[in-house]
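For reference, the chains in residue letters:
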Amino acid sequence: MQEDVDTFLDLGWIVDPQFHPMFCIQSKDRPDYSDMVRIPTKKMDKHTVIIAQSGSGKSFFLGRLIEEIMIKSKARCLILDPNGDFRKINQIDEELWRSDQVLTQKYDIKTGMGKLTLETKDEFAKKWRPVIDEFVIKTNRVPKESKDEELKIWWPTISLEFLIQSDHPRSTEMFHCHNWAKELFNQFAQLSDDTNGEDIISKVKNIFKTLQEMPNEERVKMVEKLRVGTEKKDERLKTITNDTTRTKMSTIRNAFSSVPFFDSFISLGAASLGNESIEKAKFVFESYSWETVNSYFGLIERYQSLGILAKGPNSSNNQKRLEVVDLPSINNNELRALVLNSILTEEWENAVKKWEEAMKNPRDEDRRVPTFIVLDEAHNFIPSNPRSRHESLVREQFRTIAAEGRKFGLFLILVSQRADKLDDLVLSECGNKAILRLDSHSMADKVIKALGLDFEIKSNEREKIVNFKPGRGIIAGNWASGFDILYCAARRTIEGGRNLEYKYWTKPF
Ligand SMILES: Nc1ncnc2c1ncn2[C@@H]1O[C@H](COP(=O)(O)OP(=O)(O)O)[C@@H](O)[C@H]1O
Ligand SMILES: [Mg+2]
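Model, not experiment: these values are computed from the prediction.

Parameters at a glance
Residues numbered from 1 in each chain as written. Chains lettered and ligands numbered in written order. Predicted model: local features only at pLDDT ≥ 70, side-chain atom pairs only at ≥ 80, totals over all residues. Heavy atoms only, no water. Helix = DSSP H or I, 4+ residues; strand = E, 2+ residues; numbered from the N terminus. Expected span 1.5 Å × (residues − 1). Buried < 20%, exposed > 50% of the residue type's maximum accessible area, 1.4 Å probe, protein only. Axes fitted to C-alpha atoms, helices over the stretch in contact; angles between N-to-C directions. Parallel < 35°, antiparallel > 145°, perpendicular 65-115°, else oblique. Left-handed = near helix turned anticlockwise from the far one by under 90°. Contact = heavy atoms within 4.5 Å. Nonpolar A, V, L, I, M, F, W, Y, C, P; charged D, E, K, R; others polar. Core = buried A, V, L, I, M, F, W, Y, C linked by side-chain atoms within 4.5 Å. Domains from an automatic or database assignment. Pairing = 2+ DSSP bridges. pLDDT = per-residue confidence, 0-100. Salt bridge = Lys/Arg side-chain N within 4 Å of Asp/Glu carboxyl O.

1. Overview of helix α1 (residues 58-72)
An α-helical turn contains 3.6 residues, so any two residues separated by three or four positions project in the same direction. Taking 1.5 Å as the rise per residue, α1 with 15 residues should run 21 Å; its terminal C-alpha atoms sit 21 Å apart, in good agreement. In terms of burial, α1 is a largely internal element, 15 of the 15 residues being buried.

2. What about the packing of helix α12 (residues 333-359) against helix α13 (residues 389-404)?
In contact at an axis separation of 9 Å, α12 and α13 are set at 25° when each is read in the N-to-C sense. Put simply, α12 runs roughly parallel to α13. For the crossing formed where α12 meets α13, the hand is left-handed. Residues Glu334, Ala337, Leu340, Asn341, Leu344, Thr345 and Trp348 of α12 lie in contact with α13, whose contacting residues are His390, Val394, Gln397, Phe398, Thr400, Ile401 and Glu404. Here the residues of the contact of α12 with α13 sort into seven nonpolar, five polar and two charged.

3. Let's talk about the environment of Thr157
Here Thr157 is to be found in the loop between β6 (148-150) and α3 (160-163). Separated by 181 residues in the primary sequence, Thr157 and Leu338 have C-alpha atoms spaced 9.8 Å apart. When sequence neighbours within four positions are dropped, the list of residues in contact with Thr157 reads Asn341, Ser342, Thr345 and Glu346.

4. Points about the nonpolar core
In this structure, Leu80, Trp155, Phe398 and Ile435 are the most contacted members of the largest nonpolar core, which totals 81 residues. Here this core takes 10 residues from α12, the largest share from any one element. Mapped onto the domain boundaries, this core takes at least three residues apiece from domain 1 (8-153 + 314-504) and domain 2 (155-305). Setting aside anything within four residues of it in sequence, one finds Phe398 in contact with Leu80, Leu344, Ile373, Leu375, Phe381, Ile382, Leu412 and Val426. By size, the runner-up hydrophobic cluster in this structure holds 43 residues, among which are Val37, Ile137, Val415 and Leu486.

5. So, the pairing of strand β7 (residues 322-326)
Extensive coverage of β7 is indicated by the burial of five of its five residues. In β7, alternate side chains face the same way, and those of Leu322, Val324 and Asp326 on one face and Glu323 and Val325 on the other are all buried. The pairing of strand β4 (residues 76-81) with β7 spans five bridges and is classified as parallel. In the strand pairing of β7, Asp81 is matched with Asp326.

6. Some details on unusual backbone geometry
Despite not being glycine, Glu377 has its phi angle at roughly 50°, a positive value. Residue position: Glu377 is located in the loop between β8 (371-375) and α13.

7. As for the confidence of the model for the protein chain
When the pLDDT values of the protein chain are averaged, the result is 79; 72% of them are 70 or greater. Taken together, the stretch residues 19-30 has pLDDT below 50 and engages in 17 contacts with residues farther than four places along the chain or on a different chain. Note that residues 269-278 has pLDDT below 50 and, in this model, 21 contacts with residues that lie over four places away or in other chains.

8. Quick notes on the pattern of salt bridges
What the rule picks out here adds up to 29 salt bridges. We note a salt bridge from Lys72 to Asp10, for which the minimum N-O separation is 3.5 Å. Of this pair, Lys72 sits in helix α1 while Asp10 sits in strand β1 (residues 8-14), and the two are 62 residues apart along the sequence. There is no split in this pair, since Lys72 and Asp10 are both buried. When salt bridges that share partners are traced, they join Asp10, Arg38, Arg64, Glu67, Glu68, Lys72, Glu119, Lys127 and Arg492 into one network.

See the structure below:
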């Protein structure tokens, strides 16, 4: 029996309006947590949004939040990283503990920023080590580091709307084609234990081709056979799906290359069609033309040649606890959206599958943990006004997660400079809110309105938001009762992205 343990995310310190760091007297020997902003970890069961202008410390605060989630919970974080800020999150920032810093101080005396941390480097390293063991960075970049994994996507996780316009003359046929191909792809992937991507693609293509080239009466016969075989279908399904050993796979492989092809083909077809009716199968077999098949496989080949297609699905067993998706490594907007489309589909499907499993068992056996999908510069991916079909489709997926992700354990953490450029529907689902410095009063008004904080934040408080130094912010909504002003605590891991160094480009007068 697991006990209920309360843990807290330590995000910063409460700011006393009268307070100036120069006059702060702090204990020399023991860190004092009494004015720490500690958010119960349980409060992360909502979506989160962090808004502030550029350079105000959003990504730094986000880094701290992720560190705290990783060390105070068992949750998973999937960071969709558009600026490379999280590329080095596995490395500890040694600078933070430089010798002239007094550990018990919470603020950098010179800058007044809350850059210090109350624990020793060793204390943090001890907590961070297990996280590093479960860290992976998915990248398209060539020189790979040890934590790097190839960023590839599994064809069946791409929505067809992504690949063709809805007014495409063959869109309906293509739709059937994609649906059936998807099932065949997944079926092959399940049967095979040493999956080879290209091999699966050509196998599926062969099935389509064979069906296409088959004389009509043969096809009718085959469908008949399927119809007759309905009673046996379940049995076939069982033998095929239960037996995933190499032997079975090679039997099927042989079956495909030899003459008695139909039985295994039919079994596979029937299995892949799952519970769909035989009539539907007939329809599927007859509903595409050779040109459709050609253009469909042309699409696959196009992405294959871009080197972005995976050899098999990314099963939930391969999921790591801390995954960073290196978006700048994909140098093309469309491809980036495609990758997001595929990743979100895969996360969604895996989470639904786990939910279905969990529902079969009593509540106290439900061991699922949340997955946080973290997105910096979120207005570029969940815009209020999408500029392309691709953008709308990705936004739609985020909307679904925002509206229904909770029961599947999927939560969003969104960061942006522009609340007004972020989709309203998604924004309205965010219960945890933080605002760091904003440029102007009019921007502050807009953000406060967009976050639904009109009643919580009064006009004299808005003044403060405009005058915040980097690393100061307010937390509101579910995170805080009323709202709290805080000095954001330090991110203890290395920021991947960086700014220009003033000392190298400014000139003394
Ligand atoms: N709480 C803080 N204490 C000290 N330095 C900070 C703090 N927050 C941000 N910074 C520094 O300010 C710079 C800008 O922060 P960043 O998080 O990149 O801003 P944003 O994402 O809002 O553009 C970074 O170099 C970061 O190291
Ligand atoms: Mg940033």
